[in-house]
Amino acid sequence: MHTTVPAGLTRKQAELYAKLDPERLPQHIAVIMDGNGRWARRRHLPRIAGHKRGVEAVRDVITLGARIHLQALTLYAFSAENWKRPKTETSFLMALLRTYLKNEVPLMNENNIQLRYIGRIHELPPEVQERMAWATDQTSKNTGMVMTLALNYGARAELIDAFRSILEAAANNGGLEHLTIDEALVSSHMYSKLPDPDLVIRTSGEMRLSNFLLWQLAYTEIYVTQTLWPDFDGTHLLEALADFQRRERRYGNVGAAF
Ligand code: FPP
């Protein structure tokens, strides 16, 4: 098998990529970015230092994702439950997000990345929403990888919003009996219309989904690494892809050996 290695990869990344089957790359990867606080604590730094460093990891991972032509990358950046953290930390994260969006749009444009969001965006501070709308607009002509930031996101809230939206559609279309309630209908009322992720990566070793994409992850392969998010980079992403390609996806069927 001869693989053309995309430009811009490090030597180690090129070696890892060359061992992958480009026909079987996941189309959509979701990431639970965890471990910023622990990364900082291990260095006797405040937690926010971990979040700052986490931005660099985001930069490296989206660049690699775009270079290897992933179709979609969804990043869990702020959960609905994260509001329970001290106000100083949530305010810092909101400010970091605004700065991130302002500074990183050129990188997204260089890499042809389309930026989108999922979550209860209307509940975020107005100045954050404004910056988010600006960044989406700035990247709206891009045609490459779709990068979705999950912000003020909770999967149960998404399901509740989907049920509300289905009931509203029913009310406008002559009642529930006129709707076929099936998986396709529920999927079409989720925040994003992307195909379900093929792979979900969680950093820092926790074995939980933490209310992330519960509907969409039904058949998704799960990859948990001990690496803390600020230490995660494009090379780690390629290692996760290699692991993914060693698996056999069965979707409830029996395996090829049977
Ligand atoms: C989890 O680490 C991380 C978060 C709650 C925030 C994620 C934010 C970033 C990766 C940086 C900013 C990203 C963007 C897109 C602006 P944790 O704080 O829960 O770590 P811990 O479990 O070790 O305490």
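Refer to the preceding data block for the structure.
Residues numbered from 1 in each chain as written. Predicted model: local features only at pLDDT ≥ 70, side-chain atom pairs only at ≥ 80, totals over all residues. Heavy atoms only, no water.

A. Seen up close, the pairing of strand 4 (residues 146-153). Burial analysis of strand 4 places eight of its eight residues in the buried class, which makes it a mostly covered element. Bridge count for strand 3 (residues 114-118) against strand 4 is five bridges, and the pairing is parallel. For Gln 114, the partnering residue across the bridge sits in strand 4 and is Val 146. Note that the unit made of strand 3, helix 5 (residues 126-138) and strand 4 has a crossover that is left-handed. (Buried < 20%, exposed > 50% of the residue type's maximum accessible area, 1.4 Å probe, protein only. Helix = DSSP H or I, 4+ residues; strand = E, 2+ residues; numbered from the N terminus. Pairing = 2+ DSSP bridges. Right-handed = clockwise from strand over helix to strand, strands pointing away.)

B. Region of interest: the site of the ligand. Around the ligand sit 16 residues, and of these Asp 34, Gly 37, Arg 38, Arg 47 and Arg 85 come closest. Between the ligand and the protein, one listed contact pairs an oxygen atom with a side-chain N or O atom of Asp 34 at 3.1 Å. Between the ligand and Arg 47 there is a distance of 2.8 Å, counted from an oxygen atom to a side-chain nitrogen or oxygen. In isolation the ligand exposes 610 Å². Once the protein is present, 91% of that is buried. Those elements that provide at least two residues to the shell around the ligand are helix 2 (36-42), helix 3 (47-67) and helix 4 (87-110). Counted by class, the shell around the ligand contains seven nonpolar, five polar and four charged residues. (Near = heavy atom within 4 Å. Polar contact = N/O pair within 3.5 Å; in protein donor to acceptor, adjacent residues only side chain to side chain. Areas by Shrake-Rupley, 256 points an atom, 1.4 Å probe, with all protein chains shown as cover. Nonpolar A, V, L, I, M, F, W, Y, C, P; charged D, E, K, R; others polar.)

C. Representation of the pattern of salt bridges in the model. In this structure the tally under the stated criterion is 15 salt bridges. With a closest N to O distance of 2.8 Å, Arg 85 and Glu 89 form a salt bridge. A residue is classified by how much of its surface remains accessible, and Arg 85, at 31% relative accessible area, is partly exposed. For Arg 164, the salt bridge identified is with Asp 161, shortest N-O distance 3.4 Å. Highlighted residues: Arg 164 and Asp 161, both in helix 6 (residues 155-172), separated by three residues, approximately one helical turn. Here Arg 164 falls in the exposed class, since its relative accessible area comes to 53%. (Salt bridge = Lys/Arg side-chain N within 4 Å of Asp/Glu carboxyl O.)

D. View of the packing of helix 4 against helix 5. Across the interface, helix 4 lies against helix 5 with an axial gap of 10 Å and an inter-helix angle of 5°. With respect to helix 5, the element helix 4 is oriented roughly parallel. Packed against helix 4, whose contacting residues are Met 94, Leu 97, Arg 98, Thr 99, Leu 101, Lys 102, Val 105 and Asn 109, the element helix 5 presents Glu 127, Val 128, Arg 131, Met 132, Trp 134, Ala 135 and Gln 138 at the interface. (Axes fitted to C-alpha atoms, helices over the stretch in contact; angles between N-to-C directions. Parallel < 35°, antiparallel > 145°, perpendicular 65-115°, else oblique. Contact = heavy atoms within 4.5 Å.)

E. Here's a closer look at the sheet that holds strand 3. If you trace the six strands from one edge of the open sheet to the other, you get 3-4-2-1-5-6, paired in parallel fashion. If you trace the sheet from one side to the other, it starts and ends with strand 3 and strand 6 (221-224), each paired once. Within the sheet, the average angular offset between the axes of one strand and its neighbour, ignoring direction, is 20°. With four bridges joining them, strand 5 (residues 199-202) and strand 6 adopt parallel strand pairing.

F. A look at the packing of helix 3 against helix 8 (residues 234-245). It is at 8 Å that the axes of helix 3 and helix 8 come closest, and there the two elements cross at 55°. Classed by the angle they form, the pair helix 3 and helix 8 counts as oblique. On the side of helix 3, the interface is formed by Asp 60, Val 61, Leu 64 and Gly 65, while helix 8 contributes Gly 234, Leu 237 and Leu 238. Residues belonging to the contact of helix 3 with helix 8 are distributed by class as follows: four nonpolar, two polar and one charged.

The values are spatial; any link to function lies outside them.
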